[in-house]
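Now for the letters of each chain:
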Amino acid sequence: MDIQFRRDYDDLDLRIQMGHLQINVWYIRFVPASLRTNKKHAHGGYELHFIPYGFGQLIADGNHYEITPNTFYLTGPMIYHEQMTDPDNPLAECCINFDITVTKKRKQYNEFIRIETDAMIEALSSTRFWFGEDEYRSIELFQKIMDELDNRMVGYYHNIRSYISQIIVNAVRSYRGENKADYALPRKTLNEKREHLLDALMNSDTPDMSLDQMAVELMVSKRHLHRLMKKQFQMTFKQKLSQEKLETAKKLLIETNLTIDEVAHSADYSSSSYFCKKFKAHTGMSPTKYRQAAIRE
């Protein structure tokens, strides 16, 4: 990552909500290689420092650390630190300074969001200093933030907040090391699983399953199946089945040389005359004219 010139974003209003944890970003900075020295100082919040290239030395709480390319370190609230660069190979730096606020809205989130957010809060609150490597390649997310700020495409504010969230999550993972999360992802309810299966069954290449067969497949009553159909597709089973058969017929008319009788049979219509009647009612033209129009296009 090559930083050509210094960029300071101190006035961006960036507030990132992670459940009941709010991240308030004070500034984002991209500092190119220079012979500057950061004098001994401390912040009221957290600062994440990422070194894309160059060498130097860090003194934090009286301890000395050698800075090399790909170094990542955190200085927490009131951790005094001083950073010096190597005059022969000066270091560059990307950093984010932020504080955290725990809101009173914890109860409004589901159990899994609360558990994960509590783990984030505990990791941030208990880690006042950390020094190591950028093993999760967060520096690449800084490049994406710079690209978003330069290009300003629709959604760039959303993307910047998302990248900052990822950088902070990566930092927390670095603190925790190889410790696995002690919670599982939420699972779909039984009805949600049925809705997914219903969607798959109704969009299969052979939409010839009867109402009774589908009810057995989903392990529900026919009345419950009707309710699921209305919720999922805003139409009845019969209407959806008719729609799928018509779509199958359209595909066969365009992509094959089957006769109209063969198309009707393949799409599971009782007769070619009934197929032609239903097809014209739906499309406004006969199957033959529909095929001809598709060929001309």
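It should be noted that the structure appears before, not after, this text.
The text that follows walks through the structure, step by step, so that each part is easy to find.

1. Quick look at the overall build of the protein chain
1) Next: The helix and strand inventory of the protein chain stands at 10 helices and 11 strands.
2) Next: A compact globule built from 297 residues would reach a C-alpha radius of gyration of about 19 Å, whereas the protein chain, at 30 Å, exceeds it by more than 25%.
3) Next: Dimensions of the protein chain, computed from C-alpha atoms along their principal axes, come out at roughly 90 × 45 × 30 Å.
4) Next: Looking at the protein chain as a whole, 40% of its 297 residues are labelled buried.
5) Next: Sequence-distant contacts in the protein chain: of pairs separated by 6 or more residues, those separated by 24 or more amount to 70%.
6) Next: As displayed, the protein chain has an accessible area near 17,600 Å², and 50% of this comes from carbon and sulfur atoms.

2. Re the packing of helix α1 (residues 111-126) against helix α3 (residues 156-176)
1) Next: Here α1 crosses α3 at 70 degrees, and the two axes come no closer than 10 Å. Overall, the two elements α1 and α3 adopt an arrangement that is roughly perpendicular. Read as a crossing pair, α1 and α3 show a hand that is left-handed. Between α1 and α3, the residues in contact are M120, A123 and L124 and I168, V169, V172 and Y175, respectively.
2) Next: Among the residues making up the contact of α1 with α3, the classes are represented as 7 nonpolar, no polar and no charged.

3. Here's the deal with helix α10 (residues 287-296)
1) Next: Taken as a whole, α10 has its buried residues at P287, Y290, R291 and A293. Mapping the buried residues of α10 onto a view down its axis gives an arc of 165 degrees, with all of them on the same face. Of the residues in α10, the exposed ones pointing more than 90 degrees away from the buried face are K289, I295 and R296.

4. A few points about helix α5 (residues 211-218)
1) Next: Of all the residues in α5, the buried ones are M214, A215 and L218. Taken end-on, α5 shows its buried residues confined to a sector of 100 degrees, consistent with a single buried face.
2) Next: Contacts made by the buried residues of α5 are with α4 (190-202), α6 (222-233) and α7 (237-255).
3) Next: Following α5 by one or two positions, M219 adopts a phi angle in the positive range, close to 60 degrees.

5. Describing the nonpolar core
1) Next: Among the nonpolar cores identified, the biggest contains 38 residues, and I28, F30, L48, F142, I164 and Y175 are the most heavily contacted of them.
2) Next: Elements supplying a minimum of two residues to this core: β2 (14-18), β3 (21-31), β5 (46-50), β8 (71-75), β10 (93-102), α1, α2 (139-151) and α3.
3) Next: Here this core gets 8 residues from one element, more than from any other, and that element is α3.
4) Next: Excluding its chain neighbours within four sequence positions, the residues that come into contact with I28 are R7, D8, Y9, L14, C95, I96, F142 and I164.
5) Next: Among the nonpolar cores identified, the runner-up in size contains 14 residues, and V220, L225, L228 and F233 belong to it.

6. Some remarks on the packing of α5 against α6
1) Next: Two elements in contact, α5 and α6, have axes whose closest approach is 9 Å; the angle formed by their N-to-C orientations is 90 degrees. By the criterion of interaxial angle, the relationship of α5 to α6 is roughly perpendicular. The segment α5 lies against α6, with L211, D212, M214, A215 and L218 engaging K222, L225 and H226.
2) Next: Here the contact of α5 with α6 is built from residues that sort into 5 nonpolar, 1 polar and 2 charged.

7. A word on unusual backbone geometry
1) Next: The phi dihedral of M78 falls on the positive side, at around 60 degrees, and the residue is not glycine.
2) Next: Although it is not a glycine, Q234 sits at a positive phi angle of roughly 55 degrees.
3) Next: Turning to its location among the elements, Q234 is positioned in the loop between α6 and α7.
4) Next: Here Q234 falls in the exposed class, since its relative accessible area comes to 60%.

8. Notes on the sheet that holds strand β4 (residues 38-41)
1) Next: Taking strand neighbours across the sheet as the criterion, the 4 strands line up as β4-β9-β6-β7 in an open arrangement whose pairing is antiparallel. Across the chains shown, the open sheet's two edge strands, defined by having one partner strand only, are β4 and β7 (63-67). Here the average twist between neighbouring strands, direction ignored, is 15 degrees.
2) Next: Relative to β7, strand β6 (residues 56-60) is paired through 5 bridges, and the arrangement is antiparallel. Each bridged residue has a counterpart across the sheet, and for I59 the counterpart in β7 is H64.

9. A look at the environment of A42
1) Next: Positionally, A42 belongs in the loop between β4 and β5.
2) Next: Residues in contact with A42, not counting those within four places in the same chain, are M78, I79 and Y80.

Cut-offs used in this document
Residues numbered from 1 in each chain as written. Predicted model: local features only at pLDDT ≥ 70, side-chain atom pairs only at ≥ 80, totals over all residues. Heavy atoms only, no water. Helix = DSSP H or I, 4+ residues; strand = E, 2+ residues; numbered from the N terminus. Rg over C-alpha atoms; globule rule 2.2 N^0.38 Å. Buried < 20%, exposed > 50% of the residue type's maximum accessible area, 1.4 Å probe, protein only. Contact = heavy atoms within 4.5 Å. Areas by Shrake-Rupley, 256 points an atom, 1.4 Å probe, with all protein chains shown as cover. Axes fitted to C-alpha atoms, helices over the stretch in contact; angles between N-to-C directions. Parallel < 35°, antiparallel > 145°, perpendicular 65-115°, else oblique. Left-handed = near helix turned anticlockwise from the far one by under 90°. Nonpolar A, V, L, I, M, F, W, Y, C, P; charged D, E, K, R; others polar. Arc of directions from axis to C-beta. Core = buried A, V, L, I, M, F, W, Y, C linked by side-chain atoms within 4.5 Å. Pairing = 2+ DSSP bridges.

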